[in-house]
Amino acid sequence: MKPILTITKRELTGYFASPVAFVFIVIFLMLSGFFTFMVAGFFERGQASLEAFFSWHPWLYLFLVPAVGMRMWSEERRLGTLELLLTMPVTPWQAIVGKFLAAWTVLALALGLTFPVWITVNYLGNPDNGIILAGYLGSFLMGGAYLSITAMTSAMTRNQVVAFIVSVVISLFLILAGYPPVTNLLVHWALPWVVEAIAAFSVMTHFESIQKGVLDSRDILYFLSVIVFSLFTTGVIVRTHRAG
Amino acid sequence: MIQVRNLRKTFGPKVAVGGVSFKVEKGEVLGFLGPNGAGKSTTMRMITGFIPPTDGEAVIGGFNIVEQPIEAKRLMGYLPENAPSYADMTVNGFLSFTAELRGLSGSAQRKAVDRAVEMCFLENVLHQSVETLSKGYRHRTCFAQSIIHDPEVLILDEPTDGLDPNQKHEVRTLIRKMGQTKAIIFSTHILEEVEAVCSRAIIIDRGVIVANGTPAELKARSPQAGAITLRLGVEPKAGIKAVVAKLEGLNQVDHVSILGSAPVELRVFARKNVSPADLAGLLSETAMKEQWALQELHAEEGRLDEVFRNITLPDTKSAGKENK
């Protein structure tokens, strides 16, 4: 447990010593404000809910989360510090979890800094704060799922750009598999249960149900299993192709 | 402390290390020599647990690096090739981080960092970020990292690479000093370093050990080891040829080669079973008798670079052919 925290601490200093964390947080806040108020029409809706705010998160994360996570392992590989890290008395697990937690903390911080939206909606009306909390939880879990996918692609290459693109593509697939325009199209081609099975793999399906305030254990389990699976694969990649 | 048994590593069809075995005890400094690409770094990476061996095992202080990696790694300090470190951290931050990973905290951590900083002369750059440092300082920062927990086993991959002559000297002195109480393996391709620092040296070529012994033993494998070099201040009247003929006439002498004629310098090779001391005595007697103006007489120890080339060169040549 101790080595995990040590690594998390170091990674966090790394994020804040370079502009990565600041740029991410500022851009995330700006874009989420823009989409909530300008595109999704938060005020025009006349609803005391944060649906307009959350509904853009899958798309925002699609580009921003890989940008945060792409350096996670590829940078270690490029600098050669992977050799240093893996010859310390630390298991690859501790390193993987430590690094993941650090990046997730940056996401959590960015998400936490959107609190003015929550204050606004409470000032203007009487929203169901339970639903909003569920929305935050869902968004946080979804960010974690994207991040774990980025960790995996980042472990495969020493090139951050490659890591970024591959994780965007994988994340995009996870969105589109359950994105209504796509599923509506798929219905004409495949049996309904096939479409449903594919949609079950999508972050969209699960994020939307959490966002509606339905805290189904299956949705939470979905995000957690994406995280566990991706981090497990990261472990396999890190261990099998250490020297590369 | 370090026991390596039949360590092998293959990358696909390519054999990087083909069965290497050796032992290093406490108080020993083992020099790891070999041409580039001979498998030095790969061997060290297997010993430190960075890459798993294809076959064989490495045991550090009783812990197998594959089966009990954490325990084995605790005993070890490692300086990887090219001395990597986190560019975005300060020297102090980096060393504190590695100390913390080594399980040191609080005042013990502070003390360990101070000690390593002092040993590696890093006081001036303590609060500078690693990316702003010169190569020598970066190298020493990573070196400091490897000794931060005062390990019993030190694995150093080219510890003096990229340092200036003064820094090289410092690092060698440091290694020699630490070698009295630790088991150290270090790789280099600077041969004088081996003579200056090692208690034993291994020459590895294309993945196999081709020589293993003390620097003196290795030097003795040089063709000129044991030969006696003579220098005469004035060329005798009879001429240099006569001197050679006289010397070659001696029973104990195999042959004589002329190194220079003004002043006269000759190298005398003994026959088998004649010790250099006996030959030297005989030569000085002869010189007295013949009234040569003997200026210098010394026994050759042999040269490590010659041994190194003799052992590894034929292989490098044939390797070149194979590639074509």
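## Re the nonpolar core
Logical step 1: Within the largest apolar cluster, 140 residues are counted, with the highest numbers of intra-cluster contacts made by Ile2(B), Phe22(B), Ile47(B) and Ile185(B).
Logical step 2: Tallying contributions element by element places helix 10 (residues 129–156) of chain A first for this core, with 12 residues.
Logical step 3: Excluding residues within four positions of it along the chain, Ile47(B) makes contact with Ile2(B), Val4(B), Leu7(B), Phe22(B), Ala58(B), Ile60(B), Ile65(B), Met76(B), Ile155(B) and Ile185(B).
Logical step 4: If you look at the next biggest cluster of nonpolar residues, it comprises 19 residues, including Ile228(B), Leu247(B), Val253(B) and Leu282(B).

## Remarks on the sheet that holds strand 7 (residues 153–157) of chain B
Residues and elements named next belong to chain B.
Logical step 1: Strand order in the open sheet made by the six strands is 6-7-8-3-9-10, with mixed pairing throughout. Each edge of the open sheet is held by one strand with a lone partner, namely strand 6 (76–79) and strand 10 (208–213). Adjacent strand axes in the sheet meet at a mean angle of 15 degrees, parallel and antiparallel pairs treated alike.
Logical step 2: Two strands pair when backbone bridges link them, and strand 6 and strand 7 are joined in this way by four bridges, in the parallel orientation. In the strand pairing of strand 7, Tyr-78 is matched with Ile-155.
Logical step 3: Against the sheet, helix 6 (residues 165–178) makes contact with strand 3 (28–33), strand 7 and strand 8 (183–187), and its axis sits at roughly 150 degrees relative to strand 8, the strand it touches most.

## Digging into a nonpolar patch on the surface
Logical step 1: On the surface, a cluster of nonpolar side chains totalling about 410 Å² of accessible area is made up of Val23(A), Val26(A), Ile27(A), Met30(A) and Leu31(A).
Logical step 2: Its location among the elements puts Ile27(A) in helix 2 (residues 20–39).

## Some points on the packing of helix 2 of chain A against helix 5 (residues 57–69) of chain A
Residue and element names in this part refer to chain A.
Logical step 1: Relative to each other, helix 2 and helix 5 sit at 170 degrees, their axes nearing to 11 Å. Overall, the two elements helix 2 and helix 5 adopt an arrangement that is roughly antiparallel. Taking contact as the criterion, the partners of Val-20, Phe-24, Ile-27, Phe-28, Leu-31, Ser-32 and Phe-35 in helix 2 are, on helix 5, His-57, Leu-60, Tyr-61, Leu-64, Val-65 and Val-68.
Logical step 2: By residue class, the composition of the contact of helix 2 with helix 5 is 11 nonpolar, two polar and no charged.

## Overview of the sheet that holds strand 1 (residues 2–11) of chain B
Residues and elements named next belong to chain B.
Logical step 1: With antiparallel pairing, the four strands of this open sheet are ordered in space as 2-1-4-5. Each edge of the open sheet carries a strand with a single partner, namely strand 2 (14–24) and strand 5 (63–64).
Logical step 2: When strand 1 meets strand 2, the two strands line up antiparallel, connected through eight bridges. Bridging across to strand 2, Ile-2 finds its partner in Val-24.
Logical step 3: Here helix 1 (residues 40–47) sits on the sheet in contact with strand 1, strand 2 and strand 4 (55–60), set at roughly 120 degrees to strand 1.

## Quick notes on the domain arrangement of chain B
Logical step 1: Domain assignment breaks chain B into domain 1 (2–219) and domain 2 (228–299).
Logical step 2: Here the C-alpha centroids of domain 1 of chain B and domain 2 of chain B sit 46 Å apart.

## Some thoughts on the interface of chain A and chain B
Interfaces are often sized by the accessible area lost when the parts come together.
Logical step 1: The interface of chain A with chain B comprises 25 residues on the first partner and 26 residues on the second.
Logical step 2: Between chain A and chain B, a total of about 2,400 Å² is buried, with carbon and sulfur atoms accounting for 65% of that surface.
Logical step 3: Run the count over chain A and chain B and you get four salt bridges.
Logical step 4: Its salt-bridge partner being Arg10(A), residue Asp88(B) comes within 3.4 Å of it at the nearest N-O pair.
Logical step 5: Put simply, chain A and chain B have eight residue pairs in polar contact (both at pLDDT 80 or more) between them.

About the criteria used
- All residue numbers here refer to positions counted from 1 along the written sequence of the relevant chain.
- Chain letters start at A and ligand numbers start at 1, both assigned in the order the entries are written.
- The model is predicted, so local features are restricted to residues of pLDDT at least 70 and side-chain atom pairs to those at 80 or more, both for listing and for counting; the totals for chains, interfaces and linings are taken over all residues.
- With hydrogens and water excluded, all non-hydrogen atoms of the structure serve as input to the side-chain values.
- By nonpolar core we mean a set of buried residues, namely Ala, Val, Leu, Ile, Met, Phe, Trp, Tyr and Cys, connected to one another through side-chain atoms within 4.5 Å.
- The classification of residues rests on relative accessible area computed with a 1.4 Å probe and restricted to protein chains. Under 20% of the type maximum is buried, over 50% is exposed, and intermediate values are partly exposed.
- Starting at the N terminus, helices and strands are each numbered in turn, a helix being any DSSP run of H or I of at least four residues and a strand any DSSP run of E of at least two.
- When checking whether two residues touch, look at their non-hydrogen atoms; a contact exists if any pair is within 4.5 Å.
- In this scheme, strands are said to pair when DSSP sees at least two bridges between them.
- Inter-axis angles, ranging from 0 to 180 degrees, are taken between N-to-C directions of lines fitted to C-alpha atoms, where helices are fitted over the stretch in contact.
- Think of a patch as exposed residues, more than 30% relative accessible area, with no salt bridge, where like charges cluster within 9 Å and nonpolar side chains (Val, Leu, Ile, Met, Phe, Trp, Tyr) cluster within 5 Å.
- Per-residue and other accessible areas were derived by the Shrake-Rupley procedure at a 1.4 Å probe size, with only the shown protein chains allowed to occlude residues.
- Any carboxyl oxygen of Asp or Glu that lies within 4 Å of a side-chain nitrogen of Lys or Arg is treated as forming a salt bridge with it.
- Any angle that is under 35 degrees is reported as roughly parallel, and any over 145 degrees as roughly antiparallel; angles of 65 to 115 degrees are reported as roughly perpendicular and all others as oblique.
- When residues are sorted by character, Ala, Val, Leu, Ile, Met, Phe, Trp, Tyr, Cys and Pro go into the nonpolar class, Asp, Glu, Lys and Arg into the charged class, and all the rest, Gly among them, into the polar class.
- Marked domain ranges trace back to an automatic or database domain assignment.
- Buried area: the sum, over both parts, of the accessible surface (1.4 Å probe) that disappears when the two are put together.
- Side-chain atoms alone can form a polar contact between residues adjacent in sequence; in general such a contact is a pair of N or O atoms within 3.5 Å, and within protein one must be able to donate a hydrogen while the other accepts it.

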